[in-house]
Structures are given as C-alpha cells and as structure tokens.
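# Notes for the structure review
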Amino acid sequence: MRNEMLLEFDALSVNESFARMAVASFITPLNPTLEELADVKTAVSEAVTNAIIHGYDNFWGCGKHGDMPPASQEIHPGRVRLTCRTEGDLLHICVEDKGKGIEDVERAMEPLFTTRPEENRSGMGFSFMEAFMDDLEVESRPGEGTLVRMHKRIGVGPWIDA
Amino acid sequence: MDEFAVIDNCLMIRMPEEIDHHRCGYICEMADRYIVQQRVEHVVFDFEDTRFMDSSGIGILMGRYKKISCFGGKVFVLHPDRQIRRILNISGLGRLVEIVD
C-alpha cells in the first residue's frame, strides 16, 4: 500500500522532536521493531536539525538562552519541508530546506567534519543518517537549499533480539 | 538544579528523556560552569531516563571529554540503553568514555 504525508514547519529547534515523533507515528502501520523506530527517529532528527541550524542558521535552542531567543539574534523565517512516503515495507523520507546550501557536500558528509565545533556539534549527523538508514542522497546548491533523501526497508530487522 | 550534582571530584549529570540539539545547549553550558567553577575532575553522565539521543548527545560528551581529558579526567556513561550504546560505538566515542551499567 502507498501512503504519503507532507509536513512543513518553521525552522525552530522545538520542531526537531515534533518532526521525528510525527514520522514515528506515521510509520506505525508498517509495524517497525523498536530498533527500526529508533533508527528512523535518529535519522529524521539529524536531517531536520541540520536544516534548522546549518541551512537557516537558527542556532538558538531553548536550553541555551532560556525560552525566548536573545534580542540580538534574528530568527530566520524559513521553513523545513518533510515528506514521508511508504510503499509496501519501503520508507522514503525527504527533508528539504531553502536555506544557504552546502558548498562541498562530500566534505560535509565526512565523519567528524563540522563547521561549528565551538557549538558542541559532533560532525556525525550525515554518518548517523547513513548508518541508520539503508540509503542516503544529498543534493545541495549554495544559496538555494538542501535536499536530503533517505530510504529504509522496515520489518527486516531480527524478529527477536538476543 | 536537580540534574547536576558535584560529589567529591565528580560532576554527576542526570540526562533528560530526549537529547537533541534543542536541549543540548543548556546541558553543555551548565556542565562547563560546574567544570570551571567547582574544578571537577571527572564527569558522569547518567542515561537512566533517556529514551532518545541523536548526534547532539555525542557533541555534549565529546566537548566535555576534550575539556577534562587533558587534565587526566574521565567521562563515564551510566545506564545507556541499546540505542545509546550503538550511537556511542558508531561514533567511536565508546572507546574514549567508560561505560558502566
């Protein structure tokens, strides 16, 4: 069976948990194992966080400066678009932003490469997406935005985990 | 602050249920304040309540590890669940921190 959903939300860090929860709920009919669910949630969280903090530079998160953004910081009004499609047991996820884009995608995908080490970013985002999904494609154009496509077959995990 | 406590020369941090970029700024900022002001040697992260973590969690651990390891300090990870263990292993951080059940 084919099923598709589309979410569009402001590029704010509060929406990171909303996005992964929404995808987790959407794929429930595929009957994923707990491990598959955790994998998908992690991958979505990485992709959406990247769009928010790198695509739109909305680095402000509630923890750091209290519940309100500091007055000095402008919040980019951009949006993140999340498409999620299931076809049989195959899950497709697409995370798209119209932010600043990535100059060198290959470099960005190297483990531990980060443009923001001072902000406690680990540089593991793309590595985690690759590790937790079956397939990952990244398209980006500087100044125009970034599109991340991920696929994963659900229901192939070990039935009972030792 | 209930989540943070200094016992002897260890900073104990009780990690929240969900760790993502949204939550990590606060943890990093508070942890660094304790490390500098109370001169703690080791940092212990307790993941007992944690049900979700992404690479932001790795950023928290890695940042604290860098700050204290040059003075001989260690980072301990308590009660990680299966997913957190996998994340630690994939990132290679599992070899730098001490995992305790």
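This write-up is about the structure you can find in this document.

Calculation criteria
- Residues numbered from 1 in each chain as written.
- Chains lettered and ligands numbered in written order.
- Predicted model: local features only at pLDDT ≥ 70, side-chain atom pairs only at ≥ 80, totals over all residues.
- Heavy atoms only, no water.
- Helix = DSSP H or I, 4+ residues; strand = E, 2+ residues; numbered from the N terminus.
- Rg over C-alpha atoms; globule rule 2.2 N^0.38 Å.
- Buried < 20%, exposed > 50% of the residue type's maximum accessible area, 1.4 Å probe, protein only.
- Contact = heavy atoms within 4.5 Å.
- Areas by Shrake-Rupley, 256 points an atom, 1.4 Å probe, with all protein chains shown as cover.
- Pairing = 2+ DSSP bridges.
- Axes fitted to C-alpha atoms, helices over the stretch in contact; angles between N-to-C directions.
- Salt bridge = Lys/Arg side-chain N within 4 Å of Asp/Glu carboxyl O.
- Polar contact = N/O pair within 3.5 Å; in protein donor to acceptor, adjacent residues only side chain to side chain.
- Expected span 1.5 Å × (residues − 1).
- Phe/Tyr/Trp six-rings, centres within 6.5 Å; stacked < 30°, edge-to-face > 60°.

Each helix and strand counted, chain B has 3 helices and 7 strands in total. Relative to its length of 101 residues, chain B is compact, with a C-alpha radius of gyration of 12 Å against a globular reference of 13 Å. Dimensions of chain B, computed from C-alpha atoms along their principal axes, come out at roughly 30 × 25 × 20 Å. Per-residue burial over chain B gives 55% buried out of 101 residues. Contacts in chain B between residues far apart in sequence, at least 24 positions, make up 69% of those at least 6 positions apart. Carbon and sulfur atoms provide 49% of the accessible area of chain B, an area that totals close to 4800 Å².

Residues and elements named next belong to chain B. Ordered by their spatial adjacency, 5 strands build an open sheet running 1-2-4-6-7, and the pairing between neighbours is mixed. If you trace the sheet from one side to the other, it starts and ends with strand 1 (4-7) and strand 7 (98-100), each paired once. With direction set aside, neighbouring strand axes in the sheet form an average angle of 20°. Here 4 bridges tie strand 4 (residues 42-46) to strand 6 (residues 75-78), and the two strands are oriented parallel to one another. Looking at the pairing, Val 44 lines up with Phe 76 of strand 6.

Taken together, the contact pairs 33 residues of chain A with 26 residues of chain B. Taken together, chain A and chain B are joined by 5 salt bridges. Where Arg82(B) meets Glu35(A), a salt bridge forms, and the shortest distance between an N and an O atom there is 2.3 Å. Joining chain A to chain B, the criterion identifies 14 residue pairs in polar contact (both at pLDDT 80 or more). For the side of chain A that touches chain B, the secondary-structure elements that each account for two or more residues are helix 1 (15-26), helix 2 (34-55), helix 3 (62-65) and helix 5 (125-132) of chain A.

This part takes up helix 1 of chain A. Given a rise of 1.5 Å per residue, 12 residues ought to cover 16 Å, and the 16 Å separating the end C-alpha atoms of helix 1 of chain A matches this to within 8%. If you check which residues of helix 1 of chain A are buried, you get Asn15(A), Glu16(A), Ala19(A), Arg20(A), Ala22(A), Val23(A), Ala24(A) and Phe26(A).

Bringing the pattern of salt bridges into the picture now. Residue and element names in this part refer to chain B. In this structure the tally under the stated criterion is 24 salt bridges over all chains. Residues Arg 14 and Asp 49 are paired through a salt bridge, measuring 3.0 Å at the closest nitrogen-oxygen approach. Of this pair, Arg 14 sits in strand 2 (residues 10-14) while Asp 49 sits in the loop between strand 4 and strand 5 (52-53); the two residues are 35 residues apart in sequence, bridging distant segments of the chain. The class of Arg 14 is partly exposed, set by a relative accessible area of 40%. For Asp 49, a relative accessible area of 32% gives the class partly exposed.

Attention shifts here to the packing of aromatic side chains. Using the criterion set out here, one finds 4 aromatic pairs over all chains in the structure. Ring centres of Phe9(A) and Phe18(A) lie 6.1 Å apart, and the angle between their planes is 85°; on these two criteria the pair is classed as edge-to-face. For Phe9(A), a relative accessible area of 6% translates into the label buried. With relative accessibility at 39%, the residue Phe18(A) sits in the partly exposed group. Their ring planes at 10° and their centres at 5.6 Å tell us that Phe4(B) and Tyr34(B) sit as a pair that is stacked. Within this pair, whereas Phe4(B) is found in strand 1, its partner Tyr34(B) is found in helix 1 (residues 21-37), the two being separated by 30 residues in sequence. Since its relative accessible area comes to 17%, Tyr34(B) is described here as buried. The structure contains a cluster of three or more aromatic residues connected by ring pairs, namely Phe4(B), Tyr26(B) and Tyr34(B).

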